[in-house]
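A look at the structure
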Amino acid sequence: MIANTNILSEDKVKESILLRPVSIEVKDVTVSFPTPKGEYIAVKNIDLEIRKGEIISLIGHSGCGKSTLMSTISGMVKPSKGEVIVNGKKVTGAGPDRGIVFQNYSLLPWLTVYENIYEAVDSCIKGISTDEKHAIVEENLAMVNLTPHQDKLPKQLSGGMKQRVAIARAFAINPSVLLLDEPFGALDALTKGSMHVELLKLWNLDNRNKTIIMVTHDIEEAIFLSDRIVVLNNGPAATIKEIEIVGLPRPRNKKDIVNLPEYKSIRERLLNLLVEKFSIEDDGVKFEE
Amino acid sequence: MDKSNQQLGAATLKVVTYRTGRFLYFLLGMSFMLIIWHVASLSTDGELPGPIQTFSVFYDLVSHPFYDNGPNDKGIGNQLLSSLERVTKGFIIGSVIAIPLGLIMGSSTLGMNLLNPMVQVLRPVSPLAWFPIGLVAFQSAQTSTVFVIIITSLWPTLINTAFGVSTIPQDHKNVAKAFGFSTFKYITKVLLPFTLPHIITGLRLSVGIAWMVIVAAEMLSGGVGIGFFVWDSWNALSLEKVFSAILIIGLVGFVLDKTFKSLQTRYSYDS
Ligand SMILES: Nc1ncnc2c1ncn2[C@@H]1O[C@H](COP(=O)(O)OP(=O)(O)O)[C@@H](O)[C@H]1O
Ligand SMILES: [Mg+2]
C-alpha cells in the first residue's frame, strides 16, 4: 500500500516538473484547414509547455482536434499561426527525434510486420551496421510480443496487433519524443494493461528521459500513465479547457492507486469536464467517443 | 488422419467437379456457336465457309506452321511470330516511355498540367492515323507498324500509371514523412508498390489493344504478319483461312490477356 503522505501536493509536482528542461513548446498555435466551405479552424490559441520526460495525455471529444494538435507537434501539419519548438528547434517538418503512432496504424500493406519496422529503423538511425538495425527490430518486436508474427502482412493481423506493430515501429527509432495517437484504442483490456506497463518500463529504462504525448479516450488510462492531462474544448476552434495535474507518486500500481482519494478526485474532475450532465455515480463509467 | 484425408478428398472432388462443370458449360457454348455458324453457312449456300471446311483448312495451316516458300507464302507460325515480334517491340518501347511519363504526371502538378491536355487530345485518335507519319519518318512499312504499336501502348499505361501515383493514400505518404524515408526509399517502398497494380492494369489494357491494332496495321503495311495473312487470304478468296486466322488471333489474345491477368493477381495486395 502506498501511504497517503506520499502524495505530492500540486505545488510540489509543479515545482519538480519545472526543474526539468523544456522539451516541447506549443506557442499560441492555431491550425486551420482549407475546405470547400472556407477555412475550418480546428484548434485555436493553444499554449502548452511540456518538460523533458513528462507524460501528457490529451483528452477531448471526438473531432475536437487532438490528432491535429499531434500532427502539428510532429511537423506533419503546419500551424496557420504560432509555432512549435521541440528540443529547442522550431518544427518545420517531421523528424526522427519524434516517433509517431498514427491513429489508424498506417502500416505499409505490402511490407511484412518485420519490414515495416525495419524500413523505419533503416531511415531514422544512421551510422550503425545492418546487423545492429536487425537487432533493434527484433528487440522491439519481442517487446510487443509479435516475434511469431513477424513475417505476416498487415492484412493478416487483428487491429490490436497492427497497433502493436505501430508502437514497436515508433519505439524502435528511439526518439526523444513519442507522439501516440490513441495507441491502445483497439486493444482488449488485458493487452492494454500489459502495454501500459511496457510503456512505463521503456520510459523508466531510459531514465524517464523520453517525453510522451498520448491521445486517449480512457480516463483511467490517462490518470495511470500521465503527469498532466490536457482537456480540450469541443471544436471548431478548440482551445485548452483545463490542464489537470496528476500528483500520484511513481511507480504507480494500478490496483493500489484506484483507492487513493487523489485518484478519485482527479477522475471526478475529469468526468465533470468531459461529461456535461454527469449525474449517476457509476464506478464502471468510462469516457467514450 | 483418415478424417483429414477424407476432407482433403472432398475438397479436391469439389474443385474437380467445379472445373468439370466449367468445362461442360464451355463445350455447350461452343457447340451452340458451331451450330449457328453451320446454319449461317448453309443459308448462304456455302459462300460463307462452315465450321467443317474451316477446321480442315485450320488443321492444314497448323500442321505445317513454319514453311517458307518465298516472301508471299509463309506458314501461319511465321506470320504469327512476326506479328508477335512487332507487338513485343512496340509494346516494350511504348511502356518504357509511358511508365516514367505516367510517374511524372501522377506525382507532380506541373507534370500533370503539362502532359494531360496533350494526352487527352491524342488518346482518342486511332493509332492507325500515325501510320503515314511513321512511313515518312522511318521510310519503312515494318518500322512504321512498330511505331503504330508504340503509340497504341502509350495511353492506357500512361493514364493508369498517373492515376496510380496520384491516388497514393495520405496515410502512406505520412509514414514516409514521419520516418524520414529518402526519395529512393519512398519510390521503392511506397510509390512503386502502390502503383504497380495500376501499372500492370495499364499494361494489360495496352497489350490487348496493341494486339487488336496489329492486325489492322499489318493490313496496311503488307509483308509478313497475321494481319497481312488475313488480308492476303481475303484477296485469295479463302474465307476458311480468314476464319482460321480469326480463331488464332483470338486464342493468342486470350493467352496474352491471361498472362497479364495473372501478373495482376500476383502483384495486387489488399490493405
Ligand atoms: N486535413 C484536413 N482537412 C480538413 N479538415 C480537417 C483535416 N484534418 C482534420 N480536419 C478537421 O479538424 C477537426 C479535428 O480533427 P481531428 O484532429 O482528427 O480530431 P480528433 O483527433 O480530436 O478526433 C475535425 O473536424 C476534422 O474534420
Ligand atoms: Mg484523432
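Residues numbered from 1 in each chain as written. Chains lettered and ligands numbered in written order. Predicted model: local features only at pLDDT ≥ 70, side-chain atom pairs only at ≥ 80, totals over all residues.

1. Some thoughts on the overall build of chain B
Secondary structure summary: chain B contains ten helices and zero strands in total. Going from the N terminus to the C terminus, chain B shows its helices and strands as α-α-α-α-α-α-α-α-α-α. The globule rule puts the C-alpha radius of gyration for 271 residues at 18 Å, and the 24 Å found for chain B is more than 25% above it. Here the C-alpha coordinates of chain B stretch approximately 75 × 75 × 35 Å along the principal axes. Across the 271 residues of chain B, 33% fall into the buried class. Within chain B, contacts between residues at least 6 apart in sequence are counted, and of these 69% link residues at least 24 apart. (Helix = DSSP H or I, 4+ residues; strand = E, 2+ residues; numbered from the N terminus. Rg over C-alpha atoms; globule rule 2.2 N^0.38 Å. Buried ≥ 20, exposed ≤ 12 C-beta atoms within 10 Å, placed from the backbone. Contact = placed C-beta atoms within 7 Å.)

2. Quick notes on helix α3 (residues 113-124) of chain A
In this model, α3 of chain A (twelve residues) spans 17 Å end to end at C-alpha, consistent with the 16 Å of a helix rising 1.5 Å per residue. Most of α3 of chain A sits inside the fold, with nine of its twelve residues counted as buried. Contact partners of the buried residues in α3 of chain A: α4 (130-143) and α5 (159-172) of chain A together with α8 (183-221) of chain B. (Expected span 1.5 Å × (residues − 1).)

3. Points about the site of ligand 1
Residue and element names in this part refer to chain A. Around ligand 1, the structure places 13 residues, and the nearest of them are F33, A42, K66, S67 and T68. Within the residue set of the shell around ligand 1, elements represented by two or more residues are β1 (22-35), β2 (38-51) and α2 (66-74). For the shell around ligand 1, the leading source of residues is α2, giving three residues. Among the residues making up the shell around ligand 1, the classes are represented as four nonpolar, eight polar and one charged. (Near = placed C-beta within 6 Å. Nonpolar A, V, L, I, M, F, W, Y, C, P; charged D, E, K, R; others polar.)

4. Some details on the sheet that holds strand β7 (residues 177-181) of chain A
Residue and element names in this part refer to chain A. Read across the open sheet, the six strands follow the order β6-β7-β8-β3-β9-β10; overall the sheet is mixed. Each edge of the open sheet carries a strand with a single partner, namely β6 (98-101) and β10 (240-245). Neighbour to neighbour, the strand axes of the sheet diverge by 15° on average, direction disregarded. In this structure, strand β3 (residues 55-59) lies alongside strand β9 (residues 228-232), joined through four bridges in parallel fashion. Each residue of the ladder has a partner; that of L58, found in β9, is V230. (Pairing = 2+ DSSP bridges. Axes fitted to C-alpha atoms, helices over the stretch in contact; angles between N-to-C directions.)

5. Section: the sheet that holds strand β4 (residues 81-86) of chain A
Residues and elements named next belong to chain A. In spatial order, the strands read β2-β1-β4-β5; together these four strands make up an open sheet with antiparallel pairing. Every interior strand has two partners, whereas the edge strands, β2 and β5 (89-90), have only one. Two elements, β1 and β2, share ten bridges in a ladder whose sense is antiparallel. By the bridge assignment for β2, V22 is matched with R51. Across the face of the sheet, α2 comes into contact with β1, β2 and β4 while running at roughly 120° to β1.

6. Description of the interface of chain B and chain A
Contact residues are listed per partner, giving 17 residues for chain B and 19 residues for chain A. Here the side of chain B that touches chain A gets six residues from one element, more than from any other, and that element is helix α7 (residues 170-178) of chain B. In the side of chain B that touches chain A, the residues fall into seven nonpolar, five polar and five charged.

7. Some words on the domain arrangement of chain B
On domain assignment, one finds that chain B holds domain 1 (2-48) and domain 2 (62-266). Here the C-alpha centroids of domain 1 of chain B and domain 2 of chain B sit 32 Å apart. (Domains from an automatic or database assignment.)

8. Section: unusual backbone geometry
Residues and elements named next belong to chain A. Cis geometry is adopted by the peptide bond preceding P251, which originates at R250 and carries an omega value of -5°. With respect to the helices, strands and loops of the structure, P251 is situated in the loop between β10 and α8 (254-257). Phi is positive for D28, which is not a glycine, with a value near 45°. Of note, D28 is situated in strand β1. Of note in this structure, N87 is not a glycine but carries a positive phi near 50°.

9. Quick word on the nonpolar core
Counting residues in hydrophobic clusters, the biggest one holds 126 residues, and the most contacted among them are I73, I117, V121, A168 and A172 of chain A together with I149 of chain B. Among the elements that line this core, the one with the most residues is α8 of chain B, at 13 residues. In this structure, A172 of chain A is in contact with I117, A120, V121, I136, V137 and N140 of chain A, ignoring residues within four places of it in sequence. (Core = buried A, V, L, I, M, F, W, Y, C linked by C-beta atoms within 7 Å.)

10. Some details on the confidence of the model for chain A
The predicted model of chain A averages 88 in pLDDT, with 91% of residues at 70 or higher. Within the model, the stretch residues 1-5 of chain A combines pLDDT values under 50 with three contacts to residues more than four positions away or in other chains. (pLDDT = per-residue confidence, 0-100.)

11. So, the environment of V246 of chain A
Residues and elements named next belong to chain A. Examined against the element boundaries, V246 turns out to sit in the loop between β10 and α8. Taking the C-alpha atoms as reference points, V246 and K210, separated by 36 residues in sequence, lie 18 Å from one another. Setting aside chain neighbours within four positions, we find V246 in contact with I223, S226, D227, R228, I229 and I266.

12. Remarks on the environment of I150 of chain B
All names here are of chain B. Within the secondary structure, I150 is located in helix α6 (residues 141-166). Under the C-beta neighbour-count criterion, I150 is labelled buried, with 23 such atoms within 10 Å. When the C-alpha positions of I150 and S95 are compared, they lie 8.0 Å apart, and in sequence the two are 55 residues distant. Setting aside chain neighbours within four positions, we find I150 in contact with G90, I93 and G94.

13. Remarks on α4 of chain A
All names here are of chain A. Look at α4: 20 Å from first C-alpha to last across 14 residues, which is about the 20 Å you get at 1.5 Å a residue. Inspection of α4 places I136, V137, N140 and L141 among the buried residues, and these make up the whole buried set. Taken down its axis, α4 places every buried residue within 130° of arc, on the same side. Counted as exposed and oriented over 90 degrees from the buried face of α4: D131, E132 and A142. On its buried face, α4 sits against α3 and α5. Following α4 by one or two positions, N145 has its phi on the positive side, about 60°. (Arc of directions from axis to C-beta.)

14. Looking at the packing of α8 of chain B against helix α9 (residues 226-235) of chain B
Relative orientation and spacing of two packed helices are given, respectively, by the angle between their axes and the distance between those axes. All names here are of chain B. It is at 6 Å that the axes of α8 and α9 come closest, and there the two elements cross at 60°. Relative to α9, α8 is oriented oblique. Where α8 crosses over α9, the handedness of that crossing is right-handed. Note on element contacts: α9 touches α8 through I226, G227, F228, V230 and W231, opposite I214, V215, A216, A217, E218 and M219. (Parallel < 35°, antiparallel > 145°, perpendicular 65-115°, else oblique. Left-handed = near helix turned anticlockwise from the far one by under 90°.)

15. Comments concerning the pairing of β9 of chain A
All names here are of chain A. Most of β9 sits inside the fold, with four of its five residues counted as buried. With five bridges connecting them, β9 and β10 associate as antiparallel partners. Along β10, the bridge assignment pairs R228 with I245.

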